[in-house]
Amino acid sequence: MNKPIPVKIVEVLGWVYVALAVLLILVLVISAVVAVDHDGEIWPLFLCGSFPLLLSLGMALSLRRGRRGWFLVPHTVILSLFLLCAIASLCASVSLGGAVVTGLVVLLLVAPIVLLWSPSASRWFNEMSGDDSPRPAGCALFMLLVILGGIGGCIFSDYQARNVMRISRLNVMSFRARELSGMMAENEEAKKAGAEWIDPAVCTNSTQFIRALVEKSGNDIGCEDFWCVAVNPPDDDIFPVLVTANIDPRELLNPSDADARLTLVCPKKVWGGVCRDFCEKGAVVVYPDPEA
């Protein structure tokens, strides 16, 4: 007996699921590569994407072996979850877009069930398998995929949350760097004008100098102990005048043409300083204004 058209239609849908799972993995990996935290671990992304890929691949192949249940069970469970989310979103804010999405989910949920239980499809499944009830080995494999998917989802969620928080803190430090740079420029202008200024030579370290600038300006920016200020820097536009404390200042003394990557360290691990979570993943570097 040839495979009936209803089964072929649903099988195409199964391979569409496979293609979407592959696309998901590509999007996750590309996003990790081009993100600010490009040195982050990529293996959680593969773990997260492998679950929908393996599940959708198993669903598509199950139809070729005449196993209707192994397509319909995960299909119904997953689409039902999407349907609940769509209905909740639609109830929260009634809109035409929400109604369209809900309608598409309902169509995708109901259509394969109707097609695979059509008379021609039922005869073909009975001829192929004789018994459409799941076997113990198949149940064990399905539960294993569910467990792996749950673990992968938890790991990926935690990874994404930590990554977002790390990037957020790094962005805050970038904003603070612009404020500090402005204070340093105003302090230098005060020196040239003969007005009251903060002499970095009388400060024992960068933290004391920055705290003096903050106290003078009256603008509390926080994180005063996470900066290194270059005192008497060389007359070079590419020599940083302000960097976060997770960069070893001695590495900045490399020749300007040296293509050397800076080593990022955690101040808490190296000298008992303060950790800002992004220490070994990113840094903030401020260069002098060439027009100043």
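Cut-offs applied
Residues numbered from 1 in each chain as written. Predicted model: local features only at pLDDT ≥ 70, side-chain atom pairs only at ≥ 80, totals over all residues. Heavy atoms only, no water. Helix = DSSP H or I, 4+ residues; strand = E, 2+ residues; numbered from the N terminus. Contact = heavy atoms within 4.5 Å. Core = buried A, V, L, I, M, F, W, Y, C linked by side-chain atoms within 4.5 Å. Buried < 20%, exposed > 50% of the residue type's maximum accessible area, 1.4 Å probe, protein only. Pairing = 2+ DSSP bridges. Polar contact = N/O pair within 3.5 Å; in protein donor to acceptor, adjacent residues only side chain to side chain. Salt bridge = Lys/Arg side-chain N within 4 Å of Asp/Glu carboxyl O. Expected span 1.5 Å × (residues − 1). Arc of directions from axis to C-beta. Phe/Tyr/Trp six-rings, centres within 6.5 Å; stacked < 30°, edge-to-face > 60°. Lys NZ or Arg CZ within 6 Å of the ring centre and 35° of its normal.

In this section: the side chain of S122. With respect to the helices and strands, S122 occurs in helix α5 (residues 119-129). Beyond its immediate sequence surroundings of up to four residues, S122 is in contact with R68, L116 and W117.

Further remarks concern the nonpolar core. Core analysis: the largest hydrophobic core is formed by 27 residues, its most contacted members being L180, F209, W227 and L242. Only α6 (136-192), α7 (206-217), β1 (227-229) and β2 (242-244) provide two or more residues apiece to this core. Tallying contributions element by element places α6 first for this core, with six residues. Apart from the residues within four sequence positions on either side, L180 is in contact with I210, I221, W227 and L242. Residues V7, Y17, M59 and L63 belong to the second largest nonpolar core, which totals 17 residues.

Here the focus is the sheet that holds strand β3 (residues 285-286). Pairing is antiparallel in the open sheet, where three strands are placed in the order β1-β2-β3. Taken across any chain shown, the strands that pair with only one partner, and hence form the sheet edges, are β1 and β3. Pairing of β2 with β3, which is carried by two bridges, proceeds in the antiparallel orientation. Considered in β3, the bridge of L242 is made with V286.

The residue H75 is located in helix α3 (residues 69-92) in this model. Taking the relative accessible area as the measure of exposure, H75 reaches 1% and is therefore buried. Within the structure, the side chain of H75 is placed 2.9 Å from the backbone oxygen of L108, a separation counted as a polar contact. In this structure, H75 is in contact with L13, Y17, M59, L108, L109 and P112, ignoring residues within four places of it in sequence.

Here we take up the pattern of salt bridges. A side chain with one charge may pair with a side chain of the opposite charge, provided their charged atoms come close. Tallied over the full model, the rule gives three salt bridges. E11 is the partner of K3 in a salt bridge, and the nearest nitrogen-oxygen pair spans 2.6 Å. The exposure class of K3 is partly exposed, given its relative accessible area of 23%. The residue R176 makes a salt bridge to E179 at a minimum N-O spacing of 3.1 Å. With R176 and E179 both in helix α6, this residue pair falls three residues apart, about one helical turn. A cluster of three or more residues bridged by salt bridges with shared partners is formed by K3, E11 and R64.

With that settled, consider the environment of T76. Checked against the element boundaries, T76 lands in helix α3. Each C-alpha atom of the pair T76 and P112 lies 9.3 Å from the other, and the pair is 36 residues apart in sequence. Setting aside residues no more than four positions away along its own chain, T76 makes contact with L109 and I113.

Next up on the list: α7. In this model α7 runs 17 Å from its N-terminal to its C-terminal C-alpha over 12 residues, within 8% of the 16 Å that 1.5 Å per residue would give. Of the positions making up α7, those classed as buried are S206, T207, F209, I210, L213 and V214. End-on, the buried residues of α7 take up no more than an arc of 165 degrees, which puts them together on one face. Directly after α7, the chain includes G218, whose backbone phi takes a positive value near 75 degrees.

What follows covers the environment of S50. Counting through the fold element by element, S50 comes out in helix α2 (residues 43-64). Taking relative accessible area as the criterion, S50 reaches 23% and is therefore assigned partly exposed.

Bringing the packing of aromatic side chains into the picture now. Pairs of aromatic rings are described using the distance from one ring centre to the other and the angle between the two planes. The tally for this structure, following the rule as stated, stands at one aromatic pair. Relative to F125, the ring of W124 has its centre 5.2 Å away and its plane inclined at 70 degrees; by these criteria the two rings are edge-to-face. You'll find W124 and F125 in the same group, each marked buried. The residue whose ring lies beneath R68 is W117, and the NZ or CZ to ring-centre distance is 3.6 Å.

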